[in-house]
Amino acid sequence: MVKRHKKYVAGEGARYITRKSALKKLQLNLQDFRDLCIIKGIYPREPKHRRRAQQGKTGIQTLYLKKDIQFLLHEPIIWKLREKKVHLKRIKKAKSVKDYSMAKRYANTIPIINVDHIIKERYPTFVDALRDLDDCLTICFTFASLPRKKIIPSYLIALCRRLTVEFMHAVIAARALRAVFISIKGIYYQVELRGQIITWLVSHNFCFEPQSTAEVDFRTMTTFTEFYTTLLGFVNFRLYHLLNLHYPPQLQGYTSDQLEYELIDDRVSLSDRVAALNISLKVGGTPSEEISEEAELDDFQVDSELADKTRQKYEEIKNLKKLFEGLKVFLNREVPREPLVFILRCFGAEVSWDNTTFPGSTLFTENDESISHQIVDRPHLEKQYISRYYVQPQWVFDSVNARRLLPVEKYFIGVILPPHLSPFSVEYKTHKYIPPEERALKDESFTLKEDLPLNDDFYNIEENIDETEDMIDIDSDENDNEQLENKKLKNMIVKAGQRYIVNKNKERKDLKQMHQLKEKMTVTRSKINFITKNLKKIIKFPEYRFTYYMFINKFKYLYRNMYSGFKTFRLLIFLIKKKNTRLYNYLKKKKKKIIIVKDI
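Reading guide: rules and limits
Residues numbered from 1 in each chain as written. Predicted model: local features only at pLDDT ≥ 70, side-chain atom pairs only at ≥ 80, totals over all residues. Heavy atoms only, no water. Helix = DSSP H or I, 4+ residues; strand = E, 2+ residues; numbered from the N terminus. Buried < 20%, exposed > 50% of the residue type's maximum accessible area, 1.4 Å probe, protein only. Areas by Shrake-Rupley, 256 points an atom, 1.4 Å probe, with all protein chains shown as cover. Contact = heavy atoms within 4.5 Å. Salt bridge = Lys/Arg side-chain N within 4 Å of Asp/Glu carboxyl O. Pairing = 2+ DSSP bridges. Axes fitted to C-alpha atoms, helices over the stretch in contact; angles between N-to-C directions. Phe/Tyr/Trp six-rings, centres within 6.5 Å; stacked < 30°, edge-to-face > 60°. Lys NZ or Arg CZ within 6 Å of the ring centre and 35° of its normal. Core = buried A, V, L, I, M, F, W, Y, C linked by side-chain atoms within 4.5 Å. Parallel < 35°, antiparallel > 145°, perpendicular 65-115°, else oblique. Left-handed = near helix turned anticlockwise from the far one by under 90°.

### Section: the overall build of the protein
Okay, so step 1: Along the backbone of the protein there are 23 helices and 11 strands.
Okay, so step 2: Across the 600 residues in the protein, those meeting the buried criterion constitute 31%.
Okay, so step 3: As displayed, the protein offers around 43700 Å² of accessible surface, 55% of which is attributable to carbon and sulfur atoms.

Take a look at the structure:
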């Protein structure tokens, strides 16, 4: 006899495992299992044949690859999670016995989970880490701006803030910023590092509304953030080493004693001074050979078109890095400081601001006449200098996206700003719409049509247009009436030699037949059914007739009985109403009689 194969031993039934059986196999609770999956990058899978993958069971279950779960069995973090679980039980036991000194000692020695080996495992090269930096930066910048809460540990917010400031300093030193865009969500930044394009979002600096835990799952977000902070720490260290900068960052041209006495007040810490992004960082050691920012292109024997394109792109980026070089910019207090300082410093500008808004404004004051541009976001200023331009913040963003210094006339104080176009748009095809503003930026020969001024002449034009439209409507109505009259006259004309006799009896007979057909025919499911005389007696109400013919034959008798019951019920309601009206009339008459007696 041939040996029979058992079901679900091979194929999709053996390839997948449910979450419940995975928890049982790993001996973990659901929270620890989720944390472990986030750190290791394991997620649920969708099988091709769900019924086979669930081994014939119905419903929808969360499925994982069995290979991934077996891979987790050898993870050393599992032992740390188990140790932590035991430690928490000891703390709980010490509190129940009221041995608070022991509970405090246990609380200080909770095992810390280290994720360094997982970072090296998931990102074997530096380029792999840079590719996965989009979400990392977005979540770190979000947590850096959050207020302190019970759900979010305070050390995590401070760590995110420190790491994001370090990354911004690295981008400024490398001059790697390529595009920026302001949206409703926040400000999008695009950076190019080691040939990898990284895009992230920084939310606007607004006040936070209190949120409940039901709205946002902060626990899952903190798990992601703890992993991403470790990744960003590795990336920052590597970037600083490649850029030949001292890590942790130190300010250039200042010793520790000078920082203590000259730059830092009692109220200002060193971290705030570094977060100002105003002074370049200290260079440490010999320059690295891996990064060559100012290296020139080599000449190879390749296609002339391709070589020209690459050289043109290289020259464009080289000029972009020096976009704001030589400019001295002063920021007014109402302007968002951090994004503007970060963008201007990335392209070589010197920036300062009022010392009451944020520490670090030591370069120059507002009274300095060598300032070339002052960024203002208010309708007017009382005191203005002739030697500088007063522009709105959008000028900086639009100049970066256009990759050239745009004319300042369109961005003066109180002027209606031009539309802020996105630099992340995909190349348009021939049949798609290109906005005229974008076309004007790309093609210098194209000119925008200016809008009409809203003065008295404009409104007079509108009134004239309305009058002409009314006149056209009246003319069209008159033409329609004339056409109808002409048709009637044509029909009324009797031609010579023709005679038409109307037979009224025949017309009446035709009409009668039509009415009879309409009465006999009732619409049912894809059939035309003729009602007999007996059925007409049974079916009196139209609502009953339509529902009766919608039922299948075997249910029609049941519905007829139900309807007869409904009929009797309606009769009872009618009798009760009649009785109530009689009672009401009787009482009314009685009252009248009483009133008459009183009057007498």
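There's plenty left to go through after this.
### Some remarks on the side chain of glutamine 190
Okay, so step 1: Following the sequence through the fold, glutamine 190 ends up in strand S4 (residues 186-193).
Okay, so step 2: Looking at glutamine 190, the relative accessible area reads 19%, which means it is buried.
Okay, so step 3: The residues contacting glutamine 190, other than those within four sequence positions of it, are Ala176, Leu177, Arg178, Ala179, Ile197, Ile198, Thr199 and Phe424.

### Quick look at the pattern of salt bridges
Okay, so step 1: Counted under the stated rule, the structure contains 15 salt bridges.
Okay, so step 2: Residue aspartate 68 is joined to arginine 45 by a salt bridge in which the shortest nitrogen-to-oxygen separation is 3.8 Å. Placement of the pair is aspartate 68 in helix H5 (residues 66-72) and arginine 45 in the loop between helix H3 (30-40) and helix H4 (50-53), with a sequence separation of 23 residues.
Okay, so step 3: According to the relative accessible area criterion, aspartate 68 is buried, its value standing at 14%.
Okay, so step 4: Of the charged contacts in the structure, one is a salt bridge between glutamate 46 and arginine 50, with a shortest N-O distance of 2.9 Å.
Okay, so step 5: You can call arginine 50 buried: its relative accessible area is 18%.
Okay, so step 6: Taken together, the shared-partner salt bridges connect Lys40, Glu75 and Glu121 into one network.

### Focus: the environment of leucine 63
Okay, so step 1: With respect to the secondary-structure elements, leucine 63 resides in strand S2 (residues 63-65).
Okay, so step 2: Relative accessible area serves as the criterion here: at 1%, leucine 63 is assigned to the buried category.
Okay, so step 3: Apart from the residues within four sequence positions on either side, leucine 63 is in contact with Tyr16, Ile17, Thr18, Pro44, Arg45, Pro47, Arg50, Ala53 and Gln54.

### So, the sheet that holds S4
Okay, so step 1: Taking strand neighbours across the sheet as the criterion, the three strands line up as S3-S4-S5 in an open arrangement whose pairing is antiparallel. Each edge of the open sheet is held by one strand with a lone partner, namely strand S3 (177-182) and strand S5 (196-203). The mean inter-strand angle of the sheet, taken between neighbouring strand axes irrespective of direction, is 15°.
Okay, so step 2: Pairing geometry for S4 and S5, over eight bridges, is antiparallel. Directly across from tyrosine 188, in S5, lies its bridge partner leucine 201.

### Some words on the packing of aromatic side chains
Okay, so step 1: Under the criterion given, the structure shown has 12 aromatic pairs.
Okay, so step 2: With a centroid separation of 5.6 Å and 75° between ring planes, the pair formed by phenylalanine 167 and tryptophan 200 is classed as edge-to-face. Here phenylalanine 167 is found in helix H11 (residues 154-174), whereas its partner tryptophan 200 is found in strand S5, with 33 residues between them in sequence. Residue phenylalanine 167 shares its accessibility class with tryptophan 200, and that shared class is buried.
Okay, so step 3: Across the ring face of phenylalanine 126, the terminal group of arginine 238 is positioned such that the distance to the ring centre comes to 5.9 Å.
Okay, so step 4: Sitting over the ring of phenylalanine 364, lysine 328 keeps its end group 4.7 Å from the ring centre.

### Re the nonpolar core
Okay, so step 1: Membership of the largest hydrophobic core comes to 98 residues, with the highest contact counts inside it found for Leu133, Leu177 and Phe324.
Okay, so step 2: At 11 residues, H11 tops the list of elements feeding residues into this core.
Okay, so step 3: The next biggest cluster of nonpolar side chains, apart from the first, holds five residues, and it includes Leu381, Tyr385, Tyr390 and Ile413.

### Quick word on the sheet that holds strand S6 (residues 328-331)
Okay, so step 1: Strand order in the open sheet formed by four strands is S7-S6-S8-S9, and the pairing between neighbours is parallel. Looking at which strands have only one partner, the edges of the open sheet turn out to be strand S7 (350-353) and strand S9 (389-391). For this sheet, the mean angle separating the axes of adjacent strands, direction not counted, is 25°.
Okay, so step 2: Relative to S9, strand S8 (residues 373-375) runs parallel, the two being bridged by three bridges.

### Regarding the packing of helix H6 (residues 77-96) against helix H7 (residues 100-108)
Okay, so step 1: The interhelical angle for the contact between H6 and H7, taken along N-to-C directions, is 165°, at an axis separation of 8 Å. Taken together, H6 and H7 sit at an angle that is classed as roughly antiparallel. Crossing handedness for the pair H6 and H7: left-handed. For the pair H6 and H7, contact is made by His87, Arg90, Ile91, Ala94 and Lys95 and by Met102, Ala103, Tyr106 and Ala107, respectively.

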